[in-house]
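Structural description and commentary
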Amino acid sequence: MANRSALTLFATLAALGTTLPVCADDTTVAGGDAERLFALKVYPLLEAKCFACHGDDPDELKGELDLTSREAMRAGGESDEPSLVPGKPSESLLFAAVNWDGYEMPPKENDRLTATEIAHVRNWIAAGAPWPDATTRDRIRRKEWSIPETADGVIVPTSGGASDAWTYRRYAKEDVWAFRPVAEVEPPAADVHPIDRFVEARLQEAGIEPAREADPRTLIRRLTFDLIGLPPTPEEIADFERAWAEDRQVAWTELVDRLLDSPHYGERWGQHWLDVVRYADTAGFSNDYERSNAWRYRDYVVRAFNEDKPFDQFVLEQLAGDELRPDDPEAVVATGFLRTGPWGTAMIPKEEARQLYLDDLVHSTGQTFLGMPMRCCKCHDHKFDPIPTRDYYRLYAAFAGTQPAEVAAAFLPDENRDSFESNRKEVERLLAFATERANALRAKREAAAKAWYAEKGLPYKNANDRRNDPDDSKPARHVGLTEAEQGRLKVREQDVWIWGRRLERFEPLAQSVYNGPLPRYLNARKLRAPRRIDEGWRPTTVVHLGGALDA
C-alpha cells in the first residue's frame, strides 16, 4: 500500500539538516581559457537570452540575424554589419547590443545581462571568440561539474532537474546555507551563555551597544506575555519584585519554570503552530463545511507543547501517525495536520478536487516543516532553490494514496470532555427544533402538490420521485409556499444538516485520513472511509508537465 512512511526520512532530514557536498567557481578567464569561458558562461547566455529570437526557428529570424554559430554572427543580419569581430569587442554589434549601446538586447529590462555577464561576453570576444563544438562544450561542462566547489559557488546535489544547466548550476554559499551540512563553530570567548556570545560579537562588529538590563517589572511582563500570552497579575509582579531583590537568578529561574509549567503555555505557543498549518474548524471554499472533530487536532497540538513532546516525534505523528501507530488514537488524531487545508468538491470534477487537495498537501508540508513553499516547483524546477520538479512529485507520491476521512479514534483521558452531555442535549434540542419546522413546511408543500396532481388527474409522486419529471407534468418546486416560507425552508434544512453534523463533536471520531483509491463519490460534507478497501491497489504517480492534471 502506498504510504507516507517514506516521509520519516524526509522529516528527519528536515529536522536535523542534511549532509550534502557543496561548491563554487572562478569567473575569470585564467590562462586564456576562452573555450572554457564560452562553454560555461557565454553559450548558456546565448541559449537563454538570444536563441529564441535569433536561431531556434531559422524561418523566423528577427532582423535576419542568426546567433547560433560563429560564422552566422560574423555574417551579420539585415544590416550586413557583422555581429562579431573576433578580438575586437568595441567593433562587435553583439557587445554593443548587450550593453544597450545603440541596440537593446535582450529588449526587456528584466532580461538585461548583468555586469558580470557582459564582462563574460567582452572577455570571450577579446580572446578571439572561439566556438568549440558541442562535444567539446559537453566535455568542458562535465569536467566543471565534477568540482563541487569553485569561486563561482557551490553545486547542491539533487535528484536532477529538467536540464543539466539547472542540475549543475552553482549557488552562492549564503543563499543555500539551509541545504549545507551543519558545521561545528567555536563560540566567541566570553563569560556568558554561548548564544549570548554570538549576539555580543555581532553587536560589537556592528558598533552597537547592548541594551541595558530591564527592571524586574518589565522582565516579568515580557516573559509572561511571551510564554502564556497574558499579562502578569499585580500579585505576581509584587512577588517577583521581592524575589528579585533577594536573588535575581533564583527569581528568574523559578519564573521561567512556573510559566513553562502553566497549561496556558501550550495554548499560547500551540497557537503559533496552528497558524502555520492553517488550522480551521471548517473546510474553506464557498461552502465552508464544518469539521466537527477538528478540535481534537487543536488540542493535540496544545498537549504536545505542554508535554514538551520531542520535535521529531511531533513531526512524524502529523505526517504519518496513522501508519506508524494505527492503533494509537493520539497518533491518528495527530494526522489532522493532513486535513487542515481547504477541501471542496462543488462544481469541479472529483479528479480535479483530488489534485487540488494533494497539491495543497505537498505545498503545506514544505511550508510547515521546511519553511519552503513547494507550489512553484509543481510546474518547473525551482528558480531560486535547489528543488527540482522531480522532488515535488516524489513528495507528492508519498501522499498519492491519502484520502481524507473522519475515522474512529477513541477519546483520550487527557481530552477535555467537560459538559459533553449538556452540550449534546442542547444540540439535539436545536436539531429537533429545526427538523420539526422543516417537516412542517415540507408537509404544507406536499399537501399543495397532492392537490395539484388531483386537479390534473395524475397520480401523486413525492418530491424525490418527481424530481426528474418534465416541468409540465409536475407541480412547481415550492408549490404551496410563499417566498418567505421558501426561504425559511432552505434555512431550516441547512440547520438540520448543521446540527446533525455538530452531533459528531461528541463521537469518538477524528479528522484524519486513510490509504486507498479515490472513492466513487466525494462528499465534502461528510467523509467516511469505505468499508472495504482494495489492499492490492497501488497509485501511479507521474510528473505532470506544467502542473496540468492531463499532462
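This text gives an overview of the structure that appears in the document. Counting of residues starts from 1 at the beginning of each chain's written sequence and follows it residue by residue. Since the coordinates come from a predicted model, pLDDT governs what is reported: local features require at least 70, and pairs of side-chain atoms require 80 or more to be given and counted, while whole-chain, interface and lining totals use all residues. Only hydrogens and water are removed before side-chain values are computed, so all heavy atoms of the structure are retained for them.

1. Re helix H14 (residues 311-324)
Here H14 contains 14 residues, and its C-alpha end-to-end distance of 16 Å is more than 12% below the 20 Å for a straight helix at 1.5 Å per residue. To get the bend at a residue, fit one axis to the 7 residues ending there and another to the 7 starting there, then take the angle between the axes. Counting from the N terminus, the helices are DSSP H or I runs at least four residues long and the strands are E runs at least two residues long. The largest bend along H14 reaches roughly 70° and is located at Gln 318. Helix span, as expected, comes to 1.5 Å for every residue beyond the first.

2. Overview of the side chain of Asp 381
With respect to the element layout, Asp 381 can be found in the loop between helix H16 (350-370) and helix H17 (389-399). This buried residue, Asp 381, is left without a salt bridge; Arg 390 holds the nearest opposite charge, at 7.2 Å. For the purposes of these results, a polar contact is taken to be a pair of N or O atoms within 3.5 Å, where, inside protein, one atom must be able to donate a hydrogen and its partner to accept one; residues adjacent in sequence count only when each atom of the pair is a side-chain atom. A distance of 2.6 Å separates the side chain of Asp 381 from the backbone nitrogen of Ala 162, its partner in a polar contact. Of note is the side chain of Asp 381, whose polar atom sits 2.9 Å from the backbone nitrogen of Thr 389. Every residue pair with non-hydrogen atoms within 4.5 Å of one another is taken to be in contact. In contact with Asp 381, other than residues within four places in its own chain, are Gly 161, Ala 162, Ser 163, Trp 166, Ile 387, Pro 388 and Thr 389. Partly exposed residues are those whose accessible area sits between 20% and 50% of the maximum for their type, while under 20% is buried and over 50% is exposed, using a 1.4 Å probe and protein chains only. Note that His is not counted, nor are the chain ends; the positive residues are Lys and Arg, and the negative ones are Asp and Glu. Just to be clear on terms, a salt bridge is a Lys or Arg side-chain nitrogen sitting within 4 Å of an Asp or Glu carboxyl oxygen.

3. Focus: the packing of H16 against H17
Angles shown run from 0 to 180 degrees and are taken between the N-to-C directions of axes, each axis being a line fitted to C-alpha atoms and, for helices, limited to the stretch in contact. The interhelical angle for the contact between H16 and H17, taken along N-to-C directions, is 115°, at an axis separation of 10 Å. As far as their axial angle goes, H17 and H16 are roughly perpendicular. Every pair of crossing elements has a handedness; the one defined by H16 and H17 is right-handed. Of the residues in H17, those in contact with Arg 354, Gln 355, Leu 358, Asp 359, Leu 361, Val 362 and Thr 365 of H16 are Tyr 392, Leu 395, Tyr 396 and Phe 399. Put simply, Ala, Val, Leu, Ile, Met, Phe, Trp, Tyr, Cys and Pro go in the nonpolar bin, Asp, Glu, Lys and Arg in the charged bin, and everything else, Gly too, in the polar bin. Considered class by class, the residues forming the contact of H16 with H17 number seven nonpolar, two polar and two charged. Any angle that is under 35 degrees is reported as roughly parallel, and any over 145 degrees as roughly antiparallel; angles of 65 to 115 degrees are reported as roughly perpendicular and all others as oblique. When the near helix sits turned anticlockwise from the far one by under a right angle, the crossing is termed left-handed; a clockwise turn instead gives a right-handed crossing.

4. Quick notes on the packing of aromatic side chains
When two rings of Phe, Tyr or Trp (its six-membered ring) have centres within 6.5 Å they constitute a pair, described as stacked for plane angles under 30 degrees, edge-to-face for angles over 60, and tilted for the intermediate range. All chains considered together, the criterion is met by 28 aromatic pairs. Plain terms: the ring middles of Trp 145 and Tyr 168 are 4.1 Å apart, the flat faces sit at 10° to each other, and that makes the pair stacked. Separated by 23 residues along the polypeptide, Trp 145 in helix H6 (residues 134-145) and Tyr 168 in the loop between helix H7 (164-167) and helix H8 (194-206) bring together distant segments of the chain. What makes Trp 145 buried here is its relative accessible area of 14%. Ring geometry for Trp 295 versus Phe 411: centroids 6.3 Å apart, planes at 25°, classification stacked. Separated by 116 residues along the polypeptide, Trp 295 in helix H13 (residues 295-306) and Phe 411 in the loop between strand E3 (402-408) and helix H18 (420-456) bring together distant segments of the chain. For the pair shown, Trp 295 and Phe 411 are each scored as buried. These aromatic residues form a ring-pair network of at least three members: Trp 273, Tyr 279, Tyr 297, Tyr 300, Phe 305, Phe 311, Phe 314, Phe 337 and Phe 369. By definition here, charges over rings are those cases where NZ of Lys or CZ of Arg is within 6 Å of the ring centre and within 35 degrees of the ring normal. Stacked on the ring of Tyr 460, the Lys or Arg Lys 450 has its end atom at 5.3 Å from the ring centre.

5. Describing H18
The end-to-end C-alpha distance of H18 is 53 Å, a good match for the 54 Å that 37 residues give at a rise of 1.5 Å each. Along H18, the positions that sit buried rather than exposed are Phe 420, Arg 424, Val 427, Leu 431, Ala 434, Ala 438, Leu 441, Arg 445, Glu 446, Ala 449, Trp 452 and Tyr 453. Here the buried face of H18 lies against H13 and helix H19 (483-502). One or two residues past the end of H18 sits Gly 457, with phi positive at roughly 70°.

6. Topic: the pattern of salt bridges
Counting across every chain of the model gives 40 salt bridges. Linking Arg 242 and Asp 239 is a salt bridge whose minimum nitrogen-to-oxygen distance equals 2.3 Å. Of this pair, Arg 242 and Asp 239 both sit in helix H10 (residues 234-246), three residues apart, which is roughly one turn of the helix. One salt-bridge network, held together by shared partners, links Arg 303, Lys 309, Glu 317, Arg 325, Asp 328 and Glu 330.

7. Considerations on the nonpolar core
As used here, the term nonpolar core means buried Ala, Val, Leu, Ile, Met, Phe, Trp, Tyr and Cys residues forming a set that is joined through side-chain atoms within 4.5 Å. Grouped together as the largest cluster of nonpolar side chains are 46 residues, with contacts concentrated most on Tyr 297 and Phe 399. When residues of this core are traced back to their parent elements, those giving at least two are helix H12 (263-277), H13, H14, helix H15 (329-334), H16, H17, E3 and strand E4 (509-515). Discounting residues that sit within four places of it in the chain, Tyr 297 has contacts with Trp 273, Leu 274, Val 277, Tyr 279, Gln 318, Val 333, Ala 334, Gly 336, Phe 337 and Thr 340. Residues Val 42, Cys 50, Phe 51 and Phe 95 belong to the second largest nonpolar core, which totals 22 residues.

8. Side note on the pairing of E4
Counting buried positions along E4 yields seven of seven residues, so the element is predominantly enclosed. Burial along E4 is two-sided: Leu 509, Gln 511, Val 513 and Asn 515 and Ala 510, Ser 512 and Tyr 514, pointing in opposite directions, are all buried. Relative to E4, E3 runs antiparallel, the two being bridged by seven bridges. Following the sheet pairing, Thr 402 is matched in E4 by Asn 515. Any two strands are treated as partners once DSSP identifies two or more bridges connecting them.

9. Observations regarding the layout of surface pockets
Gaps between atoms show up when a probe of the same size as a water molecule is rolled over them. Cavities and pockets were defined on a 1 Å grid built over protein atoms only: a cavity is a set of grid points that admits a 1.4 Å probe from which the probe cannot escape, a pocket is an open set flanked by protein on both sides within 12 Å along at least five of seven lines, and lining residues are those with an atom within 4 Å of any such point. Grid points are joined across faces, edges and corners, and a volume is the space filled by probe spheres set on the points. If you add up the space inside the largest pocket, you get close to 1600 Å³. What lines the largest pocket is a set of 37 residues, among which Pro 44, Glu 117, Ala 165, Arg 169 and Arg 170 lie closest to the centre. No other element matches helix H2 (residues 34-49), which puts nine residues into the lining of the largest pocket. A class-by-class count of the residues in the lining of the largest pocket yields 13 nonpolar, eight polar and 16 charged.

10. Quick notes on the environment of Lys 450
By secondary structure assignment, the location of Lys 450 is in helix H18. By relative accessible area, which is 47% here, Lys 450 ends up partly exposed. For the pair Lys 450 and Gly 270, spaced 180 residues apart in sequence, the C-alpha separation works out to 58 Å.

11. A look at a negative patch on the surface
Exposure above 30% relative accessible area and the lack of any salt bridge qualify a residue for a patch; like charges then connect within 9 Å, and the nonpolar side chains Val, Leu, Ile, Met, Phe, Trp and Tyr within 5 Å. All accessibility values rest on the Shrake-Rupley procedure with a 1.4 Å probe; residue burial counts only the protein chains present in the view. Charge coordinates come from a single atom per side chain, which is NZ of Lys, CZ of Arg, CG of Asp or CD of Glu. There is a patch of like negative charges on the surface, built from Glu 47, Asp 56, Asp 57, Asp 59 and Glu 60. Examined against the element boundaries, Glu 47 turns out to sit in helix H2. Overall, Glu 47 belongs to the partly exposed group, its relative accessible area being 47%.

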